[in-house]
Amino acid sequence: MRVPYSWLKEYVEVPWSPSELAERLSLAGVKVEAVHRLDFGLEGVVAARILSVADHPDAHGLRVLVLDAGGGRRHQVVTGAPGLSTGDLVPLARPGARLPGGGEVGEAAFQVAGHPGRRPHSRLPGGRGVEEAVFRGVASEGMVCSLTELATGHPPAAGEGVLRLPPETTPGEPAGSWLDAGEEEWVLELELTVNYAMFCQSLAGVAREIAAMQGTRWQAPEPGVAEEGTPVEAWTRVDLTAPDLCPRYVARVFHDLIPGPSPAWMQRRLVAAGYRPISSVVDITNYVLVELGQPMHAFDRDRLAEGRIVVRRARAGEELVTLDGVTRRLDEEMLVIADARAAVGLAGIMGGEASEVGPSTRVVVLESAHFNPLAVRRASLRLGLRTEASGRFEKWVDPGGAARAADRAAELLVDLGAGKVAPGRLDLCPRPVLARTVRMSVSGVNALLGLDLPADRATGYLTNLGFAVSPAHQVLREECPPAGDAYVVTVPSWRGDVAIEADLAEEVARSHGYNAVPATLPRGALTHGRRPRLRAAVEGVAGILVACGLDEIMTTPFVSPGAFDRLRLAVGDPRRNGLALANPLSEDQALLRTTLLAGLLEAMAHNAGHRQLDLGLFELAAVFRPRCDLAGMDAGELLAAGGDLSPWVGEEINLSLGLMGRRLPVHWRDGGRGADFFELKGLVEVLAERLGWEEVEWEPSDHPTLHPARQARLLVAGAVTGVLGELHPAVREAHGLEQAAVGELELGSLLARENGAGYRPPPRYPAILRDISLLVEATTGAGAVKDVIRRAAGPLLEKLTLFDVYRGEKIPPGTRSLAYSLVYRAPDRTLTDEEVSAIHQRVREALVRELGAGLR
């Protein structure tokens, strides 16, 4: 926010220079980012009389003027301004003149002293030069100016022409003698945090803070309105049907409007505050916005059906073309301003084209209201429409200031001679915003701040800021703490951010001065901190994988709908049901992910594009899967959940793994093994062993992202836990990858279990090794063979390893040879050959009996 220094001093006495004021405001919590100087001087602009007007010989719509600028000097100027006649006295900016805007201030702009590290000061517009030019072969020695150009340097407003000077003006008189050109202006640029924006985003709010710092009073505008004509009730009617979204709505009517620009002094102030002048009515609303912080909107009364204003919820599917020309589809949770037929504006956000005020407008209905902050924010986010008004209403706009702002605008309209004000105003307040009260103890405030302030001083700080402070025993009938310590504080209507005692303590600290709060050690009971169990489990998994040589990645939780196509997920696959974001950052981030594979493959593709081809990556992160069809859910039910969507959306921790290229560097004795299914499977088995997962099994799977013959499904204790394999050729091509293996595991239930891995002492007794070789059908899985061996061998089988697989001419077609190594060991004795032989024979017999295996 920009605060013009001279304008601010109209409301409060400021005994400090701009830089000193910036320093004091910053120490009070109202951060001043920089101080600028803005020079509105008009150098080289003089009065001139038009001696002749002729059409341009080679350009339709342009005219050639000859002007007398005094001193016997004549100037030829080419202009497109209409309505100029011989004898008119107009402002002439001669070659070399300087107009406001378009340039830089110069050396006078400076950074606030005493704030090292603050960003370098920016330079506000400080002047643009006028030079001689040639238009279609005709020389133009300067330019004739409108009031807007003289006041701000901006192009003239719609319908505005060249400024006519009074007839007594003498040609050659400088601008300063017939136009209040003003002097330089100092501007404080505030960087307001959310809570300070509630009460400091206006000159009145800043003036209130300055007065509180001095213990003085500030001069609030007390508008006096000269009304005339037909009463407001004859011009319009307001129906308010949504008091929960609009607790207060004030309307005034301005009639017999005189189109044109606002005066130079108002335009200069608006420019200094960061607003571009447009027309008298619009400038007045912006002026009051800067002054009092109340956003307002003007409707063309003649373009309102039946001249009515209806404050209501939008109808489902209702559409509105806003002032930016965009057609917006509304829903029933949005508040609109409507006429008797349709919506004409988005409440607190933006008006509509259908009721826009223009040069032909003669009667306007001025809106000054208080809208529910949460409703404005929700509508703004859903529509992707952020405006100056919505930003203010979202934070808090004083509900008690709506009528004063409307009256102030009416007063300015009459003072400027821009129109008339209909007697009376419509002020609907069906659900008043009640004043909030907060109980406070001075001892509690002192304990929070580490101070020892007397009660009169602490309460005095609050009183200076506009709070009403009363001893608790005078207000409450219940038994209260000792007199002089307990108080009931009534929060003013402009302070929507104060709700608890800690908020009041902050106000006391600001007023006392943060630099005066002594440094003290914090006090309180110490607790034994520990990592949450789930977090510790996740970190344990990450540590194992890092030890295996993998790198952890973090990808965005948002994906594009096209990511599911690249993963070859079929239409109707539940993993396509990603939760859609109402306001995505981009189309590529429109859905919450249901799988980690999309982000993993994007990361692998990115690395491959940079020729980083040997990779081992993993990610531990959440996926989000709807538990029902949210499209059919009532929006109000979802919002009432207060952000807890767990009944409708499941959030689970998954692990994704990806290998690409060589796992070991190239060596002169070895070319390095490429990433494949077995390499990835081995990593998962290491993880399972380290975490103590029992009953780990593998079975065939049919995941569409993976190669149909090089993938497997992981089961832990009989439950499907994940899938891994080499990438399907179509997926590799879609991502620009070579050979790669990926997998995804669902860790939620596994992480919740106790880690089954523990210390195992080295064996005390020797083991006995036996091998077994058998022929089985090619369709018989190695897992089935292992199951038979383990059941037959019993608890004395310590380890079982498949060490050879053979297919070839030496065995019957349709079969394969499997060779296993078996390690037998007893924990309490040395096994004999007879014991092991008997067990091994049972294994051989079971393989023949259950699988029809041929022993070799």
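Sequence positions are assigned chain by chain, starting from 1 and proceeding in written order. The predicted origin of the model limits local features to residues at a pLDDT of at least 70 and limits the giving and counting of side-chain atom pairs to 80 or more, whereas totals for whole chains, interfaces and linings rest on all residues. Side-chain measures were taken over the full set of non-hydrogen atoms in the model, leaving aside hydrogen atoms and water.

Draft legend 1. Main features of the overall build of the chain. Secondary structure counts use DSSP, requiring at least four H or I residues in a row for a helix and at least two E residues in a row for a strand, with both numbered from the N terminus. Per the secondary structure count, the chain includes 25 helices and 39 strands. Every radius of gyration here is taken over C-alpha atoms, with the globule rule written as 2.2 Å times N^0.38, N being the number of residues. Relative to a compact globule of 856 residues, whose C-alpha radius of gyration would be 29 Å, the chain shows 39 Å and is clearly more extended. When its C-alpha atoms are laid out on the principal axes, the chain stretches across 130 × 85 × 55 Å. Exposure is judged per residue with a 1.4 Å probe applied to protein chains only, and the accessible area is read against the type maximum: over 50% gives exposed, under 20% gives buried, and values in between give partly exposed. A total of 856 residues make up the chain; the buried ones form 47% of that total. In the chain, the share of contacts with a sequence separation of at least 24, taken over all contacts with a separation of at least 6, comes to 71%. For the chain, the computed accessible surface area is about 41,400 Å², with 51% contributed by carbon and sulfur atoms. Positive: Lys, Arg. Negative: Asp, Glu. His and the chain ends are not part of the count. By convention, the charge on Lys lies at NZ, on Arg at CZ, on Asp at CG and on Glu at CD. Charge centroids of the chain, computed over 91 positive and 110 negative side chains, lie 4 Å from each other. For this analysis, residues touch if any pair of their heavy atoms sits within 4.5 Å. Residue burial considers only the protein chains on display, and all accessible areas are found by Shrake-Rupley using a 1.4 Å probe.

Draft legend 2. Highlighting the pairing of strand E26 (residues 486–490). Counting buried positions along E26 gives four out of five residues, so the element sits mostly inside the fold. Pairs of strands are assigned from DSSP output, requiring at least two bridges between the strands. By the bridge criterion, five bridges tie strand E24 (residues 437–441) to E26 in an arrangement that is antiparallel. Bridged to Met440 within E26 is Tyr487. Where strand E25 (residues 468–471) meets E26, four bridges bridge the pair, whose relative direction is antiparallel. Its bridge partner lying in E26, Ser470 is registered against Val488.

Draft legend 3. Representation of the layout of surface pockets in the model. The method works on a 1 Å grid over the protein atoms by themselves. A cavity is a set of points holding a 1.4 Å probe that cannot get out, a pocket is an open set with protein on both sides within 12 Å along at least five of seven lines, and residues with an atom within 4 Å of a point line them. Grid points are joined across faces, edges and corners, and a volume is the space filled by probe spheres set on the points. Its boundaries defined by the atoms lining it, the largest pocket holds a volume of some 2,300 Å³. Lys681, Glu685, Val696, Trp698 and Lys786 are the residues nearest the centre of the largest pocket, which is lined by 47 residues in total. Of all the elements, helix H21 (residues 677–691) adds the most residues to the lining of the largest pocket, at nine residues. Three residue categories are used. Nonpolar comprises Ala, Val, Leu, Ile, Met, Phe, Trp, Tyr, Cys and Pro, charged comprises Asp, Glu, Lys and Arg, and polar comprises the others, including Gly. Considering only residue class, the lining of the largest pocket consists of 20 nonpolar, nine polar and 18 charged.

Draft legend 4. Local environment of the sheet that holds strand E34 (residues 719–727). What the seven strands build is an open sheet, ordered E27-E30-E31-E35-E34-E33-E32; its pairing is mixed. The open sheet has two free edges, formed respectively by strand E27 (551–552) and strand E32 (696–699), since each of these has just one partner strand. Note: strand E31 (residues 649–660) against strand E35 (residues 740–746), seven bridges, orientation antiparallel. What sits directly across from Asn654, in E35, is Glu746.

Draft legend 5. Molecular detail of the pairing of strand E15 (residues 308–313). Among the six residues in E15, five count as buried, and that is most of the element. Relative to E15, strand E12 (residues 237–240) runs parallel, the two sharing four bridges. Each bridged residue has a counterpart across the sheet, and for Arg237 the counterpart in E15 is Arg308. Relative to strand E18 (residues 335–338), E15 is paired through four bridges, and the arrangement is antiparallel. In the sheet register, Arg313 faces E18, and the bridge partner there is Leu335.

Draft legend 6. How the structure looks around empty space enclosed by the protein. All chains considered together, the criterion is met by one cavity of 30 Å³ or more. Computed from the structure, the largest cavity encloses a volume of approximately 40 Å³. No other element matches the three residues that helix H10 (residues 373–383) contributes to the lining of the largest cavity. Tallied by class, the residues present in the lining of the largest cavity amount to eight nonpolar, no polar and no charged.

Draft legend 7. Expanded view of H10. Residues of H10 that are buried: Pro373, Ala375, Val376, Ala379, Ser380 and Leu383. Projected onto a plane normal to the axis of H10, the buried residues spread over an arc of 165 degrees and lie on a single side. In protein, a polar contact means a hydrogen-donor-capable atom and an acceptor-capable atom, both N or O and within 3.5 Å, with residues adjacent in sequence counting only if both atoms are side-chain atoms; elsewhere, any N or O pair within 3.5 Å suffices. Regarding H10, its N-cap is Asn372, as a side-chain oxygen of that residue lies 2.9 Å from the backbone nitrogen of Leu374 further along. Looking one or two residues beyond H10, the residue adopting positive phi is Gly384, at roughly 65 degrees. What the arc measures is the spread of directions leading from the helix axis to the C-beta atoms.

Draft legend 8. Seen up close, the packing of helix H24 (residues 782–793) against helix H25 (residues 833–851). Axis lines are fitted to C-alpha atoms, over the contacting stretch for helices. Their N-to-C directions set the angle, which ranges from 0 to 180 degrees. Put simply, H24 and H25 touch, their axes get as near as 8 Å, and they point 140 degrees apart. By the angle class used here, H24 and H25 are oblique. Helix-helix and strand crossings are classified by hand; for H24 and H25 the assignment is right-handed. Of the residues in H25, those touching H24 at Ala784, Val785, Val788, Ile789, Arg791, Ala792 and Ala793 are Ile839, Arg842, Val843, Ala846, Leu847, Glu850 and Leu851. Residues that form the contact of H24 with H25 fall into these classes: 11 nonpolar, no polar and three charged. For this classification, under 35 degrees means roughly parallel, over 145 means roughly antiparallel, 65 to 115 means roughly perpendicular, and everything else is oblique. Should the near helix be turned anticlockwise from the far one by less than a right angle, the crossing is left-handed, and should it be turned clockwise, the crossing is right-handed.

Draft legend 9. Seen up close, the confidence of the model for the chain. Each residue carries a pLDDT score, the predictor's own confidence in it, on a scale running from 0 to 100. When pLDDT is averaged along the chain, the result is 86, and 90% of the positions lie at 70 or above. A low-confidence stretch, residues 102–126 (pLDDT under 50), is modelled with 59 contacts involving residues beyond four sequence positions or located in other chains.

Draft legend 10. Local environment of the side chain of Ser140. By the element assignment, Ser140 lies in strand E9 (residues 138–140). In terms of polar contacts, Ser140 uses its side chain to reach the backbone amide nitrogen of Val78, at 3.0 Å. Setting aside anything within four residues of it in sequence, one finds Ser140 in contact with Gln76, Val77, Val78, Glu132, Ala133 and Phe135.

Draft legend 11. Quick look at the pattern of salt bridges. The term salt bridge refers to a side-chain nitrogen of Lys or Arg lying within 4 Å of a carboxyl oxygen of Asp or Glu. Evaluation of the coordinates by the stated rule reveals 48 salt bridges. Glu318 is paired through a salt bridge with Arg312; the nearest N and O atoms lie 2.9 Å apart. A single burial state applies to Glu318 and to Arg312, both of which are buried. The residue Glu652 makes a salt bridge to Arg625 at a minimum N-O spacing of 3.8 Å. With a gap of 27 residues between them, Glu652 in strand E31 and Arg625 in strand E30 (residues 615–626) connect regions that are remote in the sequence. For Glu652, a relative accessible area of 35% corresponds to the partly exposed category. Since its relative accessible area comes to 24%, Arg625 is described here as partly exposed. What emerges from the salt-bridge pattern is a single network uniting Glu209, Arg495, Asp497, Glu507 and Arg510.

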